[in-house]
Amino acid sequence: MKFKNKKSINLQKDKAFALIEQGNYRLAEKILLNLLKEYPDDFYINYNMGLLYMCIHNYEMALPYFKKGGDNIKNVVRLAICYLFLNMENELFDLYQNVLKEKLDKTVDFSIFKYYLKCKYQDIEDFKKNDYYPSQVYNYSHDLALKHIKIRHYNTKVASCFNNDIDIECLFKKINYYIKKRPQDCFIYELIASGYFVFHYPDCGIEINPNNVSSTNIPCDYILVIVDAYNLNILSMFPISNPRNKKVCYLENVLDENNYVLAKSGLDRFKDKYGKNI
């Protein structure tokens, strides 16, 4: 496919970017590959090619394109994300120290990703190291995560909370086991350093609107689990009433009763509470 003029090229670039935003990755890839045949060193084309593969979490394929995508802050941040997911620690540290640190300090964009890297490399004010999320980035602790969940989402009236018959520690173990077996089920937001799993778990608790204490609490059949996007460590979890268009996971799909004593399933507890003949 030959492109006759600059206007035609730019139209194809814009079309490919629009297709990526729409999730039509196959057609976008076809257009970008054709463009790269004639313009293999074009920063914008390479950036969009990397962005396409990042959208499907194929960081290995995205990496070489971001390496050719120039020194624009958007490109450099995404190159850093590829290094993170590919466990290329030396490359990531060099990029942060020599390029990214200065660039991030000069922009308000990517503030959460900046925060994540500063925590990772202990390049942040000492008082912030004692905050929950930064401390978990520095040195993750299952016990601290459990403590956080129990304080925030158990026997509370200010945030969505689990029912009293939920064994939080056992549920935490079950979910953690599932995550290790099925990490591909994570819905990842790379730029905010977080990932999400949604689990079906009938009658697990109530969703509370903290901005309106007089509003009706909503019974929940799902659990939203927030994880560190790069290590998939559980940071928090709480009941939600709606899966919010995310993939729904089912604990029974991967759990083996020989691994540990399992708490009753949500369905079993529902039957115990409302009767087995429902």
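A brief report on the enclosed structure follows.

Basis of the calculations
- Residues numbered from 1 in each chain as written.
- Predicted model: local features only at pLDDT ≥ 70, side-chain atom pairs only at ≥ 80, totals over all residues.
- Heavy atoms only, no water.
- Helix = DSSP H or I, 4+ residues; strand = E, 2+ residues; numbered from the N terminus.
- Contact = heavy atoms within 4.5 Å.
- Areas by Shrake-Rupley, 256 points an atom, 1.4 Å probe, with all protein chains shown as cover.
- Core = buried A, V, L, I, M, F, W, Y, C linked by side-chain atoms within 4.5 Å.
- Buried < 20%, exposed > 50% of the residue type's maximum accessible area, 1.4 Å probe, protein only.
- Salt bridge = Lys/Arg side-chain N within 4 Å of Asp/Glu carboxyl O.
- Expected span 1.5 Å × (residues − 1).
- Pairing = 2+ DSSP bridges.
- Axes fitted to C-alpha atoms, helices over the stretch in contact; angles between N-to-C directions.
- Parallel < 35°, antiparallel > 145°, perpendicular 65-115°, else oblique.
- Left-handed = near helix turned anticlockwise from the far one by under 90°.
- Disulfide = S-S within 2.5 Å.

1. Re the overall build of the chain
- Tallying secondary structure elements over the chain gives 11 helices and six strands in all.
- Sequence separation of at least 24 residues holds for 55% of the intrachain contacts in the chain that already meet a minimum separation of 6.
- Roughly 15600 Å² of accessible area belongs to the chain as shown, and the carbon and sulfur atoms make up 49% of that amount.

2. Regarding the nonpolar core
- Counting 75 residues, the largest nonpolar core has L100, F113, L117, V225 and M237 as its most contacted members.
- Sort the elements by how many residues they give to this core and helix 5 (residues 73–85) lands first, with 10 residues.
- Sequence-distant contacts of V225, that is, excluding residues within four places in its chain, are made with I175, I179, G195, Y196, F197, F199, I234, S236 and M237.
- Within the second largest apolar cluster, seven residues are counted, among which are Y196, V198, L224 and F238.

3. Considerations on the pattern of salt bridges
- Scanning the model with the defined rule gives seven salt bridges in all.
- Residue D41 is joined to K68 by a salt bridge in which the shortest nitrogen-to-oxygen separation is 3.3 Å. Of the two residues, D41 sits in the loop between helix 2 (25–38) and helix 3 (43–55) while K68 sits in the loop between helix 4 (59–67) and helix 5, which places them 27 residues apart along the sequence.
- For D41, a relative accessible area of 56% translates into the label exposed.
- Take K68: its relative accessible area is 35%, and that puts it in the partly exposed class.
- Here K106 makes a salt bridge to E102, at a shortest N to O gap of 3.2 Å.
- The exposure class assigned to K106 is exposed, which follows from its relative accessible area of 67%.
- Its relative accessible area of 49% is what places E102 among the partly exposed residues.

4. Focus on helix 10 (residues 168–181)
- For helix 10, built from 14 residues, the straight-helix expectation of 20 Å at 1.5 Å per residue is met to within 8% by its first-to-last C-alpha distance of 20 Å.
- Counted residue by residue, helix 10 has 10 buried out of 14 residues, so it is predominantly covered.
- For helix 10, the complete set of buried residues consists of I168, C170, L171, F172, K174, I175, N176, Y177, Y178 and I179.
- Its buried side turned inward, helix 10 meets helix 9 (142–153), strand 1 (161–162), strand 3 (194–207), strand 4 (218–228), strand 5 (234–240) and strand 6 (248–249).

5. Quick look at the environment of N34
- Following the sequence through the fold, N34 ends up in helix 2.
- Each C-alpha atom of the pair N34 and Q12 lies 9.7 Å from the other, and the pair is 22 residues apart in sequence.

6. Quick notes on the pairing of strand 3
- Counted residue by residue, strand 3 has 12 buried out of 14 residues, so it is predominantly covered.
- Relative to strand 3, strand 1 runs antiparallel, the two sharing two bridges. Of the residues in strand 3, the one forming a bridge with F162 is G205.
- Relative to strand 3, strand 2 (residues 187–189) is paired through three bridges, and the arrangement is antiparallel. Residue F187 lies in a different strand from strand 3, and its bridge partner there is Y196.

7. A short note on the packing of helix 5 against helix 6 (residues 89–105)
- At a minimum axis separation of 10 Å, helix 5 and helix 6 run at an interaxial angle of 155°. Here helix 6 runs roughly antiparallel to helix 5, going by the angle between their axes. Of the two elements, helix 5 crosses helix 6, and the hand of that crossing is left-handed. Every residue of helix 6 that contacts helix 5 at I73, V76, V77, L79, A80, Y83 and L84 is listed here: E91, L92, L95, V99, L100, K103 and L104.

8. A look at the state of the cysteines
- Taken as a whole, this structure holds zero disulfides when the rule is applied.
- For the unlinked cysteine C204, the closest cysteine sulfur is that of C220, found at 5.5 Å.
- Given the relative accessible area of 0%, C204 is considered buried.
- Overall, C220 belongs to the buried group, its relative accessible area being 1%.

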